[in-house]
Amino acid sequence: MGPAAIEHFKKTVELGRKLFPARISKKRYWTDHVTRPYMRGLRNLAMTLNEAARFGQAIALCKRLEDECGDELCAASYRAAVYLNTQAWEQSAEFAKRSGGDLDSSAGFVEAFALFALGRIEEVLPAFLRAALRHPRAARMLVGERTSAPDSSVEAEDHNLGVSLRRSLRGYLEKQPLPAKRFFRSLMRDPRVMKLLDEAIAVVRRWREEHPKGDRSAFDRMTRIHSRSFAEGEARKLHDLLPHSGARRSVVH
């Protein structure tokens, strides 16, 4: 996305604001459909400004999303990306954690990158692993691993997310410190992690096949694999992958 996209989204915001009264409560932004073009315009403009490295303007849009629309979740997600790109690690980790969850299940990637830069290594694995179990293809793309062509709509969505994340985090990824690059790549290449991600992919496929038949076994396993507690438990088993204490001091610089 470039200058043309920015101008289009600015126009969307301008025209969208004319669709509803000048004074409107925050809660009405979520219940009144006439506000949708305006909110979508603000969201897409904030995202595009971040991708264009116009970070100050992107943060200003996030404030408008919060103050005018009460859209704190999207604002937090965009802030996390902007702060990661600008090496504001504390803020990035904070907003990524705030936006993370079922509605923004990829936020763990941003949180993990920021936590690694802060040297808070013990917290990195659970955050990254939970996001990777939801989005295994995007995880591989973020660390520079090759992926095969998507062979289902689910894999296509995961691939598209990876493309989007690489664009939105380009400022960070292009300058990612070598220790971080090595750590996350070695994590994705560890046989135990590869096995976990393969199971995550397989169980989603099985759920899609069994769902019409009313079988819940795959759904229950998928729900378990996608849970925070599962990621935390598996992360404890991977403790040996964490950098030793000397390496931990080096990653914050």
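Basis of the calculations
Residues numbered from 1 in each chain as written. Predicted model: local features only at pLDDT ≥ 70, side-chain atom pairs only at ≥ 80, totals over all residues. Heavy atoms only, no water. Helix = DSSP H or I, 4+ residues; strand = E, 2+ residues; numbered from the N terminus. Rg over C-alpha atoms; globule rule 2.2 N^0.38 Å. Buried < 20%, exposed > 50% of the residue type's maximum accessible area, 1.4 Å probe, protein only. Contact = heavy atoms within 4.5 Å. Areas by Shrake-Rupley, 256 points an atom, 1.4 Å probe, with all protein chains shown as cover. Core = buried A, V, L, I, M, F, W, Y, C linked by side-chain atoms within 4.5 Å. 1 Å grid on protein atoms, 1.4 Å probe; cavity = no way out; pocket = protein on both sides within 12 Å on 5 of 7 lines; lining within 4 Å. Points joined across faces, edges and corners; volume = space filled by probe spheres on them. Nonpolar A, V, L, I, M, F, W, Y, C, P; charged D, E, K, R; others polar. Axes fitted to C-alpha atoms, helices over the stretch in contact; angles between N-to-C directions.

Asker: Is there a simple way to think about the overall build of the chain in this case?
Answerer: Scanning the chain from N- to C-terminus turns up 16 helices and zero strands. The C-alpha radius of gyration of the chain comes to 19 Å, within 12% of the 18 Å expected for a compact globule of 253 residues. Going through the 253 residues of the chain one by one, you find that 47% of them count as buried. By sequence separation, contacts in the chain at least 24 residues apart represent 60% of the contacts at least 6 residues apart. Of the accessible surface of the chain, which amounts to about 13400 Å², a share of 53% is contributed by carbon and sulfur atoms.

Asker: Explain the nonpolar core to me, please; I cannot follow it from the model alone.
Answerer: When a protein is soluble and globular, its nonpolar side chains tend to lie buried together. Judged by nonpolar contacts, the single largest core of 78 residues is most densely connected at Phe 109, Phe 113, Phe 128 and Phe 184. The leading source of residues in this core is helix α5 (residues 72–85), at nine residues. Residues contacting Phe 184, with those up to four places away along its chain left out, are Ala 112, Phe 113, Phe 116, Val 124, Phe 128, Val 143 and Gln 176.

Asker: How should I be thinking about the layout of surface pockets in this particular structure?
Answerer: The rolling of a water-molecule-sized probe over the atoms marks out the regions of remaining empty space. Counted as a void, the largest pocket has a volume near 990 Å³. Among the elements that make up the lining of the largest pocket, the one with the highest residue count is helix α10 (residues 153–168) (eight residues). Looking at the lining of the largest pocket residue by residue, the classes come out as 21 nonpolar, twelve polar and twelve charged. The computed volume of the second largest pocket comes to approximately 320 Å³. Together, 20 residues line the second largest pocket, and Glu 111, Pro 126, Ala 127, Arg 130 and Arg 228 are the ones closest to its centre. Counting residues per element, the ones that place at least two in the lining of the second largest pocket are α6 (89–99), α7 (107–118), α8 (124–134) and α15 (228–237). With five residues, α8 is the largest single contributor of residues to the lining of the second largest pocket. Classifying every residue of the lining of the second largest pocket gives seven nonpolar, four polar and nine charged.

Asker: When you look at the packing of helix α12 (residues 178–189) against helix α13 (residues 191–210) in this model, what are you seeing that I'm missing?
Answerer: The description of two helices packed together rests on the angle between their axes and the distance between the axes. Interaxial distance between α12 and α13 falls to 5 Å at its minimum, and their mutual angle equals 65 degrees. Across the interface between the two elements, Leu 187, Met 188 and Arg 189 from α12 touch Pro 191, Val 193, Met 194 and Leu 197 from α13. Taken together, the residues of the contact of α12 with α13 sort by class into six nonpolar, no polar and one charged.

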